[in-house]
Amino acid sequence: MASRRRAADSLKTDKKKKRKSKTTCEETAELCSLVEDEQVKRRVQEAWSRRTSHSHGDLELDCQPFPHCIIKNFLGSESFVESLQRELMDLDYHEKSNDLYKFKQSDDLKKRAEPHISGLRAALFGRFRLWLGEVLQVELEPIVDISCAKYEYTDVLLCHDDELEGRRVAFILYLVPPWQSSDGGTLDLYTTDSNFQPQSIVKSLVPSLNTLILFEVSPVSFHQVSEVLTKDKCRLSLSGWFHGPPLERPPRHIEPAVLRSPHLPRDETLLLEWVNPVYMDLSYQEQIQQEFEDSSEIQLKDFLKEEKFREVKEALRLTQIEWAKRGPPNKRCYEVASLDTLPQCVSACWELLCSEAFFLLLSNYTGLRLHYLCPADDDDDDDDTEDEESENARNAEATGSLTESSSANKSREKELSTPVHCGELRRWSHGGYTLLHDAEVARAEYALDLVLPFCGADWKSEFGGFTCYVANEEDEELLTVYPEDNSLALVRKEITTNAPRCCLDFWERF
């Protein structure tokens, strides 16, 4: 029995040793002395509350365009930083890619046992969290929310404000090689307008080794990570959020509805002048309609007559066209032309896409009712209309007003069934994009997208410029349309109205 007790005691001792060795495995992260300085803390606290700038040694607080704090040499030991880099580079990373971002990210680091990762985590969400809470005069929760990101060539994170329930302060700790602004990957900060929408970049922070940047998550904290341009460097960073009571947010801004217009009164003469004759053939139009009805999309190659397309393409490079930025950047970023400044041939091409004759042609291509003379989409609609007309006729006959009622109904039918359209001439260059956003899904105004690209015969898919269609409330890509010179792309959206959106798209490569 005694030997068994000794064996048990020995086992307990071994477990204690193991527990002790596991505890001592964590390396203590020494933070910069500024964080321990009570006088510095009080000054930063006062400056942050007053929204005024302040600097002291390696610490800088700037309140433009929104309050953000930069702490250089955040970790006090160079050897700790080097070991931390090595541990982070050995982690497994997952490709993250959608309309907003493209980069590689680790799993959540809150349970990683590597000595320097766990040591930094303990320092950040322990004593540094308490320091930050005193500076902001709020109680930050001990929730650990941290991961590692690798941004390499062409990776990007577009304009956003970090809003998510519970997030109060965002932070980024850079662990990069020597880095210049020409390498890309800067942290860009945006101004905002009176509707709390981002406007333009006014400050770009270049990543620097062992530099911590933090800012409150607020209605105006719009920022982005610009595209990484260097091919031989990795932008390694730790990032996450301190959680606490959120700042008050204004009601979500709703953009004004896009102006829509009826078609222009132009006849088929315009079609004969511009459209490739093969697409005017009725039997070929039937084939196109069948294919479109099967797949809800189609691309009509060499759609315009070659000489007309070449004339417009050359005119699009003229300096007389006035271009303006289209935003806000949390939703889109490209240039749109002022239609009043278009050269004559470009204006004529635009009239073609907005003409009554073209609406009828689109009806033949798609089977959609894009003109009041076109048949209804299905027989049920016809039956409902006939029943309604019969009822109206009986009522009108009873009151002796059949002629006036019939005439009024035809007029009203024409008015209600004539679709409207909207569109723009867009210029795309490096850095241009559009993003999915909730308001667009909620309004769901269009049933048919029409895009005619002017991108150059040598355009390749790796240049970008493609359009992705996804299912509502899902990330799954249903369709990707790549730009091709003089190839008319038609895509039907699964919504109730038949309103074309026309776009002439002009790409510039730099």
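Data block above holds the structure.
Because the structure is predicted, anything quoted here is derived from the model rather than measured. (Residues numbered from 1 in each chain as written. Predicted model: local features only at pLDDT ≥ 70, side-chain atom pairs only at ≥ 80, totals over all residues. Heavy atoms only, no water.)

(A) Representation of the environment of Cys503 within the structure. Along the polypeptide, Cys503 turns up in strand β24 (residues 500-507). Classification of Cys503 as buried rests on a relative accessible area of 2%. C-alpha of Cys503 to C-alpha of Leu452: the two residues are 51 residues apart in sequence and 6.4 Å apart in space. (Helix = DSSP H or I, 4+ residues; strand = E, 2+ residues; numbered from the N terminus. Buried < 20%, exposed > 50% of the residue type's maximum accessible area, 1.4 Å probe, protein only.)

(B) Structural view of the packing of helix α2 (residues 38-50) against helix α4 (residues 115-136). Viewed as axis vectors pointing N to C, α2 and α4 meet at an angle of 45°, and their least axial separation amounts to 8 Å. With respect to α4, the element α2 is oriented oblique. Each of Lys41, Val44, Gln45 and Trp48 in α2 lies in contact with α4, whose residues at this interface are Trp131, Glu134, Val135 and Leu136. Its residues placed into classes, the contact of α2 with α4 shows five nonpolar, one polar and two charged. (Axes fitted to C-alpha atoms, helices over the stretch in contact; angles between N-to-C directions. Parallel < 35°, antiparallel > 145°, perpendicular 65-115°, else oblique. Contact = heavy atoms within 4.5 Å. Nonpolar A, V, L, I, M, F, W, Y, C, P; charged D, E, K, R; others polar.)

(C) Representation of the nonpolar core within the structure. With 46 residues, the main nonpolar core has Leu75, Leu88, Phe128 and Leu238 as its most contacted residues. In terms of residue count, α4 provides more of this core than any other element does, ten residues in total. Excluding its chain neighbours within four sequence positions, the residues that come into contact with Leu75 are Ala29, Glu30, Leu31, Phe80, Val81, Leu84, Leu120, Leu173 and Asn210. Ranked by size, the runner-up nonpolar core spans 43 residues in total, among them Trp274, Leu300, Leu304 and Tyr365. (Core = buried A, V, L, I, M, F, W, Y, C linked by side-chain atoms within 4.5 Å.)

(D) Fine view of helix α8 (residues 344-353). Taking burial as the measure, the ten residues of α8 include seven buried ones, the bulk of the element. Listed as buried for α8 are Cys345, Val346, Ala348, Cys349, Trp350, Leu352 and Leu353.

(E) Representation of the packing of aromatic side chains within the structure. Under the defined criterion, the tally for this structure stands at 17 aromatic pairs. Ring plane angle 20° and centroid distance 5.3 Å describe the contact between Phe128 and Trp131, whose orientation is recorded as stacked. Taken together, the residues span about one helical turn, with Phe128 and Trp131 both in helix α4 at a distance of three residues. Looking at Phe128, the relative accessible area reads 0%, which means it is buried. For Trp131, a relative accessible area of 5% corresponds to the buried category. Summarising the aromatic geometry, the rings of Tyr279 and Phe303 are spaced 5.4 Å apart at their centres and angled 40° between planes, so their arrangement reads as tilted. Here Phe303 lies in the loop between β15 (297-300) and α7 (306-315) and Tyr279 lies in the loop between α5 (269-274) and α6 (282-295), a separation of 24 residues in the sequence. Every member of this aromatic cluster is reached through a ring pair, and the members are Phe74, Phe125, Phe128, Trp131, Phe171 and Phe242. In this arrangement the basic side chain of Lys150 is found over the ring face of Tyr93, its NZ or CZ atom lying 4.7 Å from the centre. (Phe/Tyr/Trp six-rings, centres within 6.5 Å; stacked < 30°, edge-to-face > 60°. Lys NZ or Arg CZ within 6 Å of the ring centre and 35° of its normal.)

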